[in-house]
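Structural features, examined
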Amino acid sequence: MAGRINDDDVKAVRDAVPIDSVVSEYLQLRSAGGGNLKGLCPFHDEKSPSFQVSPGKGLFHCFGCQEGGDTIAFVMKIDHLSFSETVERLAAKAGITLRYEEGGYNPSHQRGERIRLIEAHQAAADFYVRALESPEAEIGRKFLAERGFDQDAATHFRVGYSPAGWDHLTRYLRGKGFSDKELITSGLSQDGRRGPIDRFRGRLMWPISDTAGDIVGFGARKLRDDDNGPKYLNTPETPIYKKSQVLYGIDLAKKDIAKASRAVVVEGYTDVMACHLAGVTTAIATCGTAFGNDHIKILRRLLMDNGSARVIFTFDGDAAGQKAALRAFEDDQKFAAETYIAIAPDGMDPCDLRLAKGDDSVRDLVEPRTPLFEFALRQIVGRYDLETPAGRASALDEAAAVVAKIKTSSVQREVAVQLAGFVGILDQEFVVHRVAQLARWARDRGEKGGRGGGPQDRRGGAPQQPAQPAQGVQGVQAPTVPSGPALNLRSPAHRTERELLKLALQKPALVSPAFDAYGADEFTAPPYAAVRQCIEEAGGAERGLGDDREYLVAVMDAAPNNTVRSLVTELAVEVFMGRTIDETYAGMQLVHVRLRAVDRRIDEVQGSLARLGSNVAPEDLAAAQNEVWVLQQYAQSLRARGADAL
């Protein structure tokens, strides 16, 4: 075993790679105020951004699903990596050489599976690019040239060539130290009679990258008539390649998609190339599968579904293209962006269009013209004879069922009115009523299906899951985090406790050293008491006066379970309730929390005396009365002098 990564190196990696730059590889971020950034959460579906990133603290937190943590936690979660794999990946990005506690530097064969598979694909891409320059690859270069792509274009898109022999790539990668098992698992090789052989042979090769820019697969185009395989052959499903979760060109297009709030969905690799070379740098394509739900999730995170977002589909004008458009329309409601369809008058795809009519024609093609819903409905009603009552009725039945799936009632009504015009029914209200009726029936069926589950308390601070016993310092049990939403932010006590913990995590200088004298029992909400315990175990808020990030990492490490850890990240990135966050504001929170604790203790002692009545011993009565008097004097001082009395 290579051993654990040196703690100082882990800290160096965490500090060297800004969390906002890493998260921005997967979703669009915008200002959330207070130095924070926000975007659509990549870990659950949502329509409004509740995912926040704090670059200054190196933390992220989603107020919807409660996922949170630092840069390492984000990459582990989104790319399904182990801790060591994640640190190694980020270290490579930052140019940091890692040390291992047992055995020095980590040998390559001991690295994580995902990293090894990506490295194999990177090496394969380099091999294919060089092979495109060989005499054998003349047929590939000719294919590209005939479609208007020169050497610069091939280099920009890293297009390559797989030699026609049985095991050229396999032998090359073996020489690079990759095992046969890794080559088979990667999909770059496949089992042959005498061992692994190349999966791709004698084909033009396009590397397929994920959103982060890592090559995870290839698309291969047949070049020779004696090749009995399919026209396009893609990487099979592997641990790093899921065809329903990748979009060709997303690594090149993602920044412009986010910047322009526009994405152009085309059908093939050469169409993506043609669009980008023509100046449409937001073009992407699916890889051997229909545009589906996982693709929508990728685009929504980049578009952030603002009101001006556009998604333009370019499908061939043939029957297959029309079918693809209808299939895309079925998922249309999963976008908040407006969706359009662009079909060249003569049915050419972007690659052919650029070749025949130039770059301007490609740019003109993808200017939004026909809403996708309009195209889809016209395709449906076009299959019927609208000159007859029976034909109009049949067209309405099929199309109305599609319109009924539109979730927003105002949009649904507007589209229903347009449907009446498409079908030729003058009574628009009849069509609107029919669509609404179908929508109501669909909702009723859904409700009878028994889909349970109420809404989460998004500000509750604790996911609805069974709590685990929390162990504090030296085995002393810390406050237990209850299941379900435990916090009531309408409660002044809970609001103040939350603000004080946010100050202790985000601006410890404003509450130190007074905060560290507060006990966990001064926080009435058990989740807040658990966070207070974590801060104490991490060395107190005073530790935050030094390295802010190291302090927050220590607090998270002290959390007894994921529930408490999630609340820590939530409080560490949430904006404050007050407008001016200064010593005066911090002092108010300190005083309010302490004053309520003092008042509770007075009530407890007086309640005990009342219950005991005459049964209390004289010395106990005197001690209790003295405690109440001291507490009352302290409370009076807090009310009169504020933070100066702490």
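Okay, so let's go over this structure. (Residues numbered from 1 in each chain as written. Predicted model: local features only at pLDDT ≥ 70, side-chain atom pairs only at ≥ 80, totals over all residues. Heavy atoms only, no water.)

**Some words on the sheet that holds strand β10 (residues 215–222)**
- The strand order across the open sheet built from four strands is β6-β9-β10-β11, with neighbouring strands paired in antiparallel fashion. Bordering the open sheet on either side are β6 (160–162) and β11 (232–234), each of which pairs with just one other strand. If you compare each strand with its neighbour and ignore which way they point, the axes differ by 35° on average.
- Here β10 runs beside β11; their pairing, made up of three bridges, is antiparallel. Counterpart to Gly219 in the pairing with β11 is Asn234.
- Across the face of the sheet, helix α5 (residues 113–131) comes into contact with β6, β9 (203–209) and β10 while running at roughly 35° to β10. (Pairing = 2+ DSSP bridges. Helix = DSSP H or I, 4+ residues; strand = E, 2+ residues; numbered from the N terminus. Axes fitted to C-alpha atoms, helices over the stretch in contact; angles between N-to-C directions. Contact = heavy atoms within 4.5 Å.)

**Looking at the pattern of salt bridges**
- Evaluated as defined, the whole model comprises 34 salt bridges.
- Between Asp9 and Arg99 there is a salt bridge, and its shortest N-O distance comes to 2.8 Å. On the criterion of sequence distance, the pair formed by Asp9 in helix α1 (residues 7–16) and Arg99 in the loop between α4 (83–94) and α5 is long-range, its members being 90 residues apart.
- Asp9 gets classed as buried once you look at its relative accessible area, which sits at 6%.
- Overall, the relative accessible area of 41% leaves Arg99 in the partly exposed class.
- Residue Glu550 is joined to Arg543 by a salt bridge in which the shortest nitrogen-to-oxygen separation is 3.5 Å.
- Here the salt bridges do not stand alone but share partners, grouping Asp79, Arg89, Arg114, Asp210 and Asp214 into one network. (Salt bridge = Lys/Arg side-chain N within 4 Å of Asp/Glu carboxyl O. Buried < 20%, exposed > 50% of the residue type's maximum accessible area, 1.4 Å probe, protein only.)

**Details of the packing of helix α16 (residues 372–381) against helix α17 (residues 389–403)**
- Between α16 and α17, the least distance of the axes is 9 Å, while the angle of their chain directions is 155°. Relative to α17, the element α16 lies roughly antiparallel. Here α16 runs over α17; the crossing is right-handed. Contacts from Leu377, Ile380 and Val381 of α16 reach α17 at Ala395, Glu398, Ala399, Val402 and Val403.
- The class makeup of the residues in the contact of α16 with α17 is seven nonpolar, no polar and one charged. (Parallel < 35°, antiparallel > 145°, perpendicular 65-115°, else oblique. Left-handed = near helix turned anticlockwise from the far one by under 90°. Nonpolar A, V, L, I, M, F, W, Y, C, P; charged D, E, K, R; others polar.)

**Brief notes about unusual backbone geometry**
- Across the junction of Ser512 and Pro513, the peptide omega takes the value 0°, indicating a cis bond.
- Relative to the elements of secondary structure, Pro513 occurs in the loop between α21 (508–511) and α22 (526–537).
- A positive phi angle, near 50°, is found at Ser261, a position not held by glycine.
- By the secondary structure assignment, Ser261 is in the loop between α10 (250–260) and β12 (262–266).
- On the basis of relative accessible area, Ser261 is assigned to the buried category, the value being 6%.

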